[in-house]
Amino acid sequence: MALIVVGASHRTAPIGVRERFAHSASEVLPALQRVLQLSGAREAVMLSTCNRTEVYVVEGDTDAAPAVWSLLGERLGEPASAHGYVMREREAVSHLFRVAAGMDSMILGEAQIHGQVRDAWEHSRAASSAVLNRLFQTALLVGSRVRTETSIARGAASVSSAAVQLGKKIFGSLQGRRAMVLGAGEMAELALECLVNEGVRAAVVANRTYERARELAARHGATAMHYDQCWAELSRVDLLICSTAAPHAIVLQEHVRPALAERGDQPLCILDISLPRDVDSAVRELDNVFLYDIDDLRAVVAANLERRQQELPSAEEVIRAETERYWDWLAGLAAVPVVARFRAEMDLVRERELAQALRRLGDLTPEQRTAVEQLSRALMNKFLHEPSVRLRAATANGRGLAIVDAARYLFALDRDAPATADATPARADDASARTHELPNAPPAVRTAASDHSTER
């Protein structure tokens, strides 16, 4: 059993590639089921946002990375591995914790990723079990700790707020400006809130579902309108922020050109923070239109990095401590059943050899038989003590859960369980005890840990 993450992010892939990799909520489970079938993996969770698509996998007997690259490569139309990365075991754990804390985001410390990690876990529940359930639950706890114990999330910390900052930089000030937000999701609401805080005189929310637009507008003192009415309004706004979940471009040249004719020489700034992009790149060619997408936000992000970088050492210490804690739990979860099975198998061998020895020894007094049996048990315990200790330690000290699988193979522990065994495994309460350390552990985690305790 090995834990890996395979994927691509804004650090390794341009926006055009990330658009192809992105999966909608309805696409996640079919994709994960395919990965599980192709690789023989035990569990999988997909995290797909505008800045990354990653698949976290608990492997079976084979490497799961080729199955993930095959899945992404089909969407891209070419080999996908050149645009991504593979991380294993501790590195994969630490990576997810950094992601959930906003430390691997385009905007350091951005808060939206925390909810996206939670949603990714929920959408993947049918394909995850004890190991990944505990991993993602811990990642959410880590994200919360980093934000409350450090100042890494202070100031503009989301794509939406960075987009508004970019608009402010272009116009000098947004005070008294008119703006339109196309979309009514979480990112759209964050953008609208930032616009209102910057003194935008009039804000308009347009969405395909009018009721959703009306609710959002009412919360922030804006005006709602139907999606098909928004194009006429373009002639009266200075700033358009696009944040819909459309699978293709919805703002085309033919939508923008008529508004430009009415605007005269007044510029129109369009900030496209969607993935896939809402605005056709051809719109950039129109006069007096300034179009920016997610990758253009890097310049705005740079202004915040210096003060946020100062918080990284404190945040990294939280990541390090929580990674060790999770790895200790995982080591116990993986090693204890193997140690128990190892001892049970060896005890069967001891019982068979003891029975043969007693037959050869002939008539013995009860006291003598007891002494011989106690000797056999003492010898077995001494022989097994060091391997048992090292097996547990190997999974906890960074050498990898592959050691556990090696032990299964070397001692033929992958066969059917022995019919009889008189073994009391050590640390039988580890998994359940450590699960209880998190009072809000989901039922799937508690049940899975309990199942492992039963196996032991």
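Preceding this section is the structure that the text describes.
The following refers to the structure shown. Keep in mind the model is a prediction, meaning the values are calculated, not measured. (Residues numbered from 1 in each chain as written. Predicted model: local features only at pLDDT ≥ 70, side-chain atom pairs only at ≥ 80, totals over all residues. Heavy atoms only, no water.)

### Observations regarding the nonpolar core
Thinking step 1. The biggest cluster of nonpolar side chains holds 40 residues, and the ones touching the most others in it are Leu135 and Tyr326.
Thinking step 2. Of all elements in the fold, only β1 (3–9), β2 (43–48), β3 (52–58), β4 (85–88), α4 (90–100), α5 (112–123), α6 (130–149) and α13 (312–361) reach the threshold of two or more residues within this core.
Thinking step 3. Not counting residues within four places of it along the chain, the set of residues in contact with leucine 135 comprises Leu3, Tyr56, Val93, Leu96, Phe97 and Tyr326.
Thinking step 4. Formed by 29 residues, the second largest nonpolar core is a distinct cluster that contains Leu174, Leu195, Val205 and Leu271. (Core = buried A, V, L, I, M, F, W, Y, C linked by side-chain atoms within 4.5 Å. Buried < 20%, exposed > 50% of the residue type's maximum accessible area, 1.4 Å probe, protein only. Helix = DSSP H or I, 4+ residues; strand = E, 2+ residues; numbered from the N terminus. Contact = heavy atoms within 4.5 Å.)

### What to know about a nonpolar patch on the surface
Thinking step 1. Judged by side-chain polarity, Leu375, Leu379 and Phe383 come together as a nonpolar surface patch covering roughly 320 Å² of accessible area.
Thinking step 2. By the element assignment, leucine 375 lies in helix α14 (residues 366–396). (Patch = residues over 30% accessible without salt bridge, like charges linked within 9 Å, V, L, I, M, F, W, Y side chains within 5 Å. Areas by Shrake-Rupley, 256 points an atom, 1.4 Å probe, with all protein chains shown as cover. Salt bridge = Lys/Arg side-chain N within 4 Å of Asp/Glu carboxyl O.)

### Focus on the packing of α4 against α6
Thinking step 1. Taken N-terminus to C-terminus, the directions of α4 and α6 make an angle of 50 degrees; their axes are 8 Å apart at the nearest point. As the angle between them shows, α4 and α6 are arranged oblique. For the element pair α4 and α6, the recorded crossing hand is right-handed. When α4 is examined against α6, the residues Val93, Leu96, Phe97 and Ala100 are found in contact with a partner set consisting of Leu135, Phe136, Thr138, Ala139, Val142, Gly143 and Arg147.
Thinking step 2. Among the residues forming the contact of α4 with α6, the class breakdown is 8 nonpolar, 2 polar and 1 charged. (Axes fitted to C-alpha atoms, helices over the stretch in contact; angles between N-to-C directions. Parallel < 35°, antiparallel > 145°, perpendicular 65-115°, else oblique. Left-handed = near helix turned anticlockwise from the far one by under 90°. Nonpolar A, V, L, I, M, F, W, Y, C, P; charged D, E, K, R; others polar.)

### A short note on the sheet that holds β2
Thinking step 1. Pairing is antiparallel across the open sheet formed by 4 strands, whose spatial order is β2-β3-β1-β4. Strands with a single pairing partner mark the edges of an open sheet, and in this sheet they are β2 and β4. The average undirected angle you get between the axes of adjacent strands in this sheet is 15 degrees.
Thinking step 2. Of the strand pairs in this sheet, β2 and β3 are connected by 6 bridges, and their pairing is antiparallel. Counterpart to valine 45 in the pairing with β3 is tyrosine 56.
Thinking step 3. Contacts from helix α3 (residues 65–76) reach β1, β2, β3 and β4 within the one sheet, and its direction differs from that of β1 by about 25 degrees. (Pairing = 2+ DSSP bridges.)

Keep in mind that these numbers describe shape and distance, not what the molecule does.
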